[in-house]
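Here's the letter readout for the chains.
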Amino acid sequence: MSMEKQAVERARTAFLTRRSRPLEFRAQQLKALQRMITEKERDIAAALKLDLNKNEFQTPLYELVGLESEIQLALEKLPEWAAPRTAEKTLLTISDEVYVQPEPLGVVLIIGAWNYPFALVIQPLIGAIAAGNAAVIKPSEVSEHTARLLGELLPQYIDKDLYPVVNGGVPETQELLRQRFDHVFYTGNCAVGKLVMEAAARHLTPVTLELGGKSPCYIDKDCDLSIVCRRITWGKYMNCGQTCIAPDYVLCDQSIQGRVVEEIKKALKEFYGDDLKTSPDYGRMINQRHFKRVTALLEGETVALGGESDEADCFIAPTVLTGVTGSSKVMQEEIFGPVLPLVSVGSVDEAIRFINQREKPLALYVFSYDSKLIKRMIAETSSGGVTANDVLLHYSISALPFGGVGNSGMGSYHGKHSFDRLSHLRSCLIKSLNMEAVNKVRYPPHSAKKLSWARFFILKRVRLGTLGRLALLAAFVALAALVAQRFL
Amino acid sequence: MLPSPSSPSPARWFRTLRRTKSTEQSSKLSLSVCTELLRKSREALASGRTLREEFRLSQLEALVRMLVENEDEFVDVLHKDLHKPRFETVLSELILVKNEALFAVNNLKKWMNPEYVARSLVTSLDECFVVSEPLGVVLIIGSWSSPVQLNLVPLVGAVAAGNCVILKPSEISSHTTELLQRLIPSYLDTECYHVISGGPSDLTDLLELKFDHIFYTGSRATGQQVMQAAARSLTPVTLVLGGKNPCYVDRECDVGIAAQRIAWARFHNAGQSDVAPDFVLCHTDVQARLILALRSCLLQFYGPEPRHSASFGRLVNAELFTHVRDLVLASGKVAVGGEMDEAEKYIAPTVLTDVLESDPAMQQEIRGPVLPIMTVYSADEAINYIRRKEKPLCLYVFSSDRKVISNMMTCTSSGSFCANDSVLQSMMVMLPFGGVGASGMGSYHGRCSFNTFSHRKSCVLRNTRVECVTYLRYPPYEDRSLSLMMWASSLSRRSQAWCQIL
């Protein structure tokens, strides 16, 4: 039996012992996860620096603080999330219990990505644990230091049978995908996303796919470009452009493009100083393959800013391209690098048309003082999420579901949405073995009279407080007695 | 890019020949026809009319009118397809859909409004909300056992959510499908909603096309095929799949009433239901009484000759008849019923006892008016049996002991659960209905349908004018800014957003 299969079987056996179900156990595991983040922050930061040149201040900010907040939220809200959720009743079920009971799914497979290798594994894991599941964790092998660290740390803090870490490359991932899970949570690119879903389909396993796309960023003409460009610069060049919701390209009027380039240049200087390469705050491409992929996109384009690169260091300077059209090479795939094309559009109509001609992206950004324009952009385009007048933010609000649509993915998570996504929401109807008189309307032999009674009972719905319910129950009992007389 | 049409093979030629025999109005399920309908639907979608609340309301109201004005025709076709009594058609098909449509009409405004979420200190200047938008063009493939309800209830959800729809009812319930093909264009917008029909081999062709959501009710094998095809274009799916729904009868229970409820559930529509109890696990102490009670119920429901009862159905086709007949002949002993007539596709309401786990009736989904009863010696034994099998769509338990009910619920998993009755939980507008594990994924009914056919888009509208707080997040990163941020984030621990510092 392969190592992967063993890990999955162990997780399933551990799940079947039911020890992941009690809320106290889930809280204890989440607290242990919290401790791991606090105690091992340095090691995590060191691994991330080796993988992506993230500096020690960036790591807590972007990877860890968000996770701690999610853990806190889960700990606080777990009793509420896991409790039965009552549903409205009809007259026919007035004396019954009608509710939805969240339950664990079973064994969840979490496949992480390499760009935020810690967060993109731990965040779904928080949801999986909170929902009472077991989880097999497969960090991306591309961010190898973080993958190795996760393999060492997680078993030290959380239950190692319920939450095993499986490391490895493509063959190991394929072997994992041959096993049967109760949910597969994948973060990554479309091509692999399709393979993951196909593999899951063989076992009828539901999936959550957090994929990518080209997130457009529309800048209206009348904007304070210094604020706008500072925000865009922050979001675009963070992690060397390797963020799934980074603004991929800008759509704006030709007349402001010059100023946009100027303002981005100013912001870059503010953020990274004069010599970008030596700035501790500027990241690197994850590896040579991605370095080559992104530098190839620059061929034949007009570089308005940046363009320098160093292969040995996987360094690509923050770059802005102008004169880009819809058919340019750089507009055919998600850039996932520090290259920002500026595409000219004459109007917001043209921008909307341009966006709608393409696959639905994971995020959409619009900068404008005109709230009507913003609302129009939201209404006439589709994307996973939208942030107006800033970038990335909708990711950080736990109350908002985060996920894609169309080619950018399916399913969503964060906060309670993680819990719900990784639970089975089971509908329950608890009746008693009395009040049979009313039920008699549905039994054969059928008659027209019975039919009219049945229509009455089934079509009415009530929304009542307890007092109202009692009053109605009394009336109902009287009615039931009447019905019983007619049909018994 | 469209696949090029294959050269005409004899099989394909015969299929085409068969199809041309059907009525002029029906849409022949050829790939080019479907592609054209898909294109038309996308164009209609792009026109934006389905985004308007008035449009969706008018379509839903038209659907209700269609059911009300043509009630007799629906009763007639369902009688032809399944020998369904008027009562069942009206109650479990037409009223169910009407209920869903009216519920959507009454709540559409609320559902279409953005949902604002909790704000925190810093986001108090911003608007954070979730807005529901249509997915696009939805493919709904309904099953034949309750052909009206299984096609039109998802249609209600898809229409309410603002999608365009291609509806493919089953060719097995051919009269109903033909009626839907005829009626729907007369009531609903002909650019946005299309009805097609075809056989299982045509499904493969259809699944080559790109939809924005596929809703499928039917068998596991086809469910897998649908999901695999959907994976190739990253299309989300909702699958409601059949299986064996267990029903445990405890020794602490009013056997007479339990028998009535079980008999009604199992034998309505001649047992052809995805949600009825498929088999009973009966506590040994009450088995004899249960069988007697079932016998007496059946007599009361259908009289001494169920074949002559207007309230009892027939199997939908010869293939199913053979399947059920073979199961009966190879499993246990007939305690009640057992009479069959192949020409009429009639099988009497039948109860089997002395059934073993290895019998075909306990291994395969029955889909007919046959109820196997397997003896168990305790509730725990029943639980262990259930847990050994795939997660079913529905799970039933009859007991007056709350602890037994509670235990059964916590120790098992199923799409839905009902204690002391059956089927009802699948008819309620306010309870999501769907499967889990091998019985499917996703759910629908009521608001849940609307959500299933929508994309819930998260939006944050930020203020451009207040920049000071955001300075903390920009490089260069230093110790000073980090401790400020950590302090600010400790404030955020109480709330739901860590974007304080962003």
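Everything here concerns the structure above.
Residues numbered from 1 in each chain as written. Chains lettered and ligands numbered in written order. Predicted model: local features only at pLDDT ≥ 70, side-chain atom pairs only at ≥ 80, totals over all residues. Heavy atoms only, no water.

## Overview of the overall build of chain A
- Scanning chain A from N- to C-terminus turns up 17 helices and 21 strands.
- For the C-alpha atoms alone, the extent of chain A along its principal axes is close to 90 × 55 × 40 Å.
- Here chain A holds 488 residues, and 64% of them are scored as buried.
- Intrachain contacts of chain A at a sequence separation of at least 6 include 72% that bridge at least 24 residues.
- On chain A, roughly 17,300 Å² of surface is accessible, and the fraction owed to carbon and sulfur atoms is 53%.
- Of the side-chain charges in chain A, 58 are positive and 54 negative, and the distance between the mean point of each set is 11 Å. (Helix = DSSP H or I, 4+ residues; strand = E, 2+ residues; numbered from the N terminus. Buried < 20%, exposed > 50% of the residue type's maximum accessible area, 1.4 Å probe, protein only. Contact = heavy atoms within 4.5 Å. Areas by Shrake-Rupley, 256 points an atom, 1.4 Å probe, with all protein chains shown as cover. Lys, Arg positive; Asp, Glu negative; His and termini not counted. Charge placed at Lys NZ, Arg CZ, Asp CG, Glu CD.)

## Observations regarding the layout of surface pockets
All names here are of chain A.
- Size it by volume and the second largest pocket reaches roughly 1,400 Å³.
- As for the second largest pocket, its lining consists of 50 residues, and the residues nearest its centre are Tyr186, Gly188, Asn189, Cys190 and Val192.
- Of all the secondary structure elements, the ones that give two or more residues to the lining of the second largest pocket are helix H7 (170–178), strand E6 (183–187), helix H8 (190–202) and helix H11 (288–296).
- Of all the elements, H8 adds the most residues to the lining of the second largest pocket, at 7 residues. (1 Å grid on protein atoms, 1.4 Å probe; cavity = no way out; pocket = protein on both sides within 12 Å on 5 of 7 lines; lining within 4 Å. Points joined across faces, edges and corners; volume = space filled by probe spheres on them.)

## Observations concerning the pattern of salt bridges
- One pass over the structure, following the stated rule, counts 58 salt bridges over all chains.
- Across the salt bridge formed by Glu103 of chain A and Arg426 of chain A, the nearest N and O atoms sit 2.7 Å from each other. Of this pair, Glu103 of chain A sits in strand E3 (residues 97–104) while Arg426 of chain A sits in strand E20 (residues 423–430), placing them 323 residues apart in sequence.
- In this structure Glu103 of chain A comes out as buried when scored by relative accessible area, which is 7%.
- In this structure, Arg52 of chain B and Glu54 of chain B form a salt bridge, with 3.3 Å as the shortest nitrogen-oxygen distance.
- By relative accessible area, Arg52 of chain B is classed as partly exposed at 43%.
- A single network of salt bridges, built from pairs that share partners, joins Arg307, Arg314, Asp341 and Glu344 of chain B. (Salt bridge = Lys/Arg side-chain N within 4 Å of Asp/Glu carboxyl O.)

## Some details on helix H13 (residues 371–380) of chain A
- Of the positions making up H13 of chain A, those classed as buried are Leu373, Ile374, Met377 and Ile378 of chain A. For H13 of chain A, the arc enclosing every buried residue in end-on projection is 140 degrees, short of the 170-degree limit, so these residues lie on one face. Among the exposed residues of H13 of chain A, those oriented more than 90 degrees off its buried face are Lys372 and Ala379 of chain A.
- Against the buried residues of H13 of chain A lie strand E8 (216–219), helix H12 (348–356), strand E15 (363–367) and strand E16 (385–388) of chain A together with strand E2 (127–134) and strand E20 (454–461) of chain B.
- Sitting at the amino-terminal end of H13 of chain A is Asp370 of chain A, which places a side-chain oxygen 3.0 Å from the backbone nitrogen of Lys372 of chain A. (Arc of directions from axis to C-beta. Polar contact = N/O pair within 3.5 Å; in protein donor to acceptor, adjacent residues only side chain to side chain.)

## Some remarks on the nonpolar core
- Leu33, Ile122, Leu125 and Ile219 of chain A together with Met66, Leu152 and Phe417 of chain B are the most contacted members of the largest nonpolar core, which has 316 residues in total.
- Looking at this core element by element, the count peaks at 10 residues for helix H5 (residues 86–112) of chain B.
- Apart from the residues lying within four places of it in its own chain, the contact partners of Leu33 of chain A are Ile71, Ile122, Leu125, Ile126, Ile129, Leu154 and Ile158 of chain A.
- By size, the runner-up hydrophobic cluster in this structure holds 10 residues, among which are Leu451 and Ala454 of chain A together with Val90 and Ile95 of chain B. (Core = buried A, V, L, I, M, F, W, Y, C linked by side-chain atoms within 4.5 Å.)

## Regarding the packing of aromatic side chains
- All told, the structure shown has 19 aromatic pairs over all chains when counted by the stated rule.
- Aromatic pair Phe185 of chain A and Tyr413 of chain A: ring centres 4.8 Å apart, planes at 70 degrees, arrangement edge-to-face. Here Tyr413 of chain A lies in strand E19 (residues 412–413) and Phe185 of chain A lies in strand E6, a separation of 228 residues in the sequence.
- Relative to Phe312 of chain B, the ring of Tyr302 of chain B lies with its centre 5.0 Å away and its plane at 65 degrees, an arrangement referred to as edge-to-face. Of this pair, Tyr302 of chain B sits in helix H11 (residues 287–302) while Phe312 of chain B sits in the loop between H11 and helix H12 (318–329), and the two are 10 residues apart along the sequence. Summarising the burial analysis for this pair, Tyr302 of chain B and Phe312 of chain B share the class buried.
- A connected cluster of aromatic rings, assembled from ring pairs, spans Tyr443 of chain A together with Phe301, Tyr302, Phe312 and Tyr346 of chain B.
- Over the ring of Phe354 of chain A we find Arg358 of chain A; its NZ or CZ atom is 3.8 Å from the centre of that ring.
- The positively charged end of Arg442 of chain A is found above the aromatic ring belonging to Trp264 of chain B, 4.1 Å away from the centroid. (Phe/Tyr/Trp six-rings, centres within 6.5 Å; stacked < 30°, edge-to-face > 60°. Lys NZ or Arg CZ within 6 Å of the ring centre and 35° of its normal.)

## Here we look at the side chain of Thr176 of chain B
Residues and elements named next belong to chain B.
- Looking at the element boundaries, Thr176 is found in helix H7 (residues 174–187).
- In terms of polar contacts, Thr176 uses its side chain to reach the side chain of Asp81, at 2.6 Å.
- Not counting the four nearest positions on each side in its chain, Thr176 is found in contact with Val77, Leu78, Asp81, Pro147 and Val148.

## A few points about helix H9 (residues 220–232) of chain B
Residues and elements named next belong to chain B.
- For H9, spanning 13 residues, the distance from its first C-alpha to its last is 19 Å, which sits close to the expected 18 Å at 1.5 Å a residue.
- Among all positions of H9, only Thr222, Gly223, Val226, Met227, Ala229, Ala230 and Ala231 are buried.
- Residue Leu234 follows H9 closely and has a positive phi angle near 55 degrees. (Expected span 1.5 Å × (residues − 1).)

## Quick look at the sheet that holds E2 of chain B
- The strand order E10(A)-E13(A)-E14(A)-E9(A)-E8(A)-E15(A)-E16(A)-E20(B)-E2(B)-E1(B) describes an open sheet built from 10 strands, whose pairing is mixed. Because the sheet does not close on itself, it has two edges, and the strands there are strand E10 (302–305) of chain A together with strand E1 (115–116) of chain B.
- Pairing of E1 of chain B with E2 of chain B involves 2 bridges; the strand directions are antiparallel. Looking across to E2 of chain B, one finds that Glu115 of chain B is bridged to Val130 of chain B.
- Of the strands in this sheet, E8, strand E9 (249–252), E10, strand E13 (319–324) and strand E14 (339–344) of chain A are in contact with helix H10 (residues 254–272) of chain A, which crosses E14 of chain A at around 160 degrees. (Pairing = 2+ DSSP bridges. Axes fitted to C-alpha atoms, helices over the stretch in contact; angles between N-to-C directions.)

## Some points on the sheet that holds strand E5 (residues 193–195) of chain B
Residues and elements named next belong to chain B.
- With mixed pairing, 6 strands are arranged side by side in an open sheet as E5-E4-E3-E6-E7-E18. Looking along the sheet, the strands with just one partner apiece sit at the ends: E5 and strand E18 (440–441).
- Looking at chain direction, strand E7 (residues 237–241) and E18 are connected through 2 bridges and run antiparallel. Looking across to E18, one finds that Leu239 is bridged to Met441.
- Packed onto the sheet, helix H6 (residues 147–160) meets strand E3 (137–141), strand E4 (164–168), E5 and strand E6 (213–218) and runs at close to 165 degrees relative to E3.
- In this fold H9 packs onto E6, E7 and E18, with an angle of close to 175 degrees to the strand it touches most, E7.

## Focus on unusual backbone geometry
- The step from Pro444 of chain A to Pro445 of chain A runs through a cis peptide bond, and the omega angle for that step is -10 degrees.
- Mapped onto the fold, Pro445 of chain A is located in the loop between helix H15 (436–439) and helix H16 (448–459).
- Despite not being glycine, Asp354 of chain B has its phi angle at roughly 55 degrees, a positive value.
- Turning to its location among the elements, Asp354 of chain B is positioned in the loop between strand E13 (350–353) and helix H13 (360–363).
- One non-glycine residue, His445 of chain B, adopts positive backbone phi at about 95 degrees.
- Along the polypeptide, His445 of chain B turns up in the loop between strand E19 (443–444) and helix H16 (447–452).
- Look at His445 of chain B and you get buried, because its relative accessible area is 3%.

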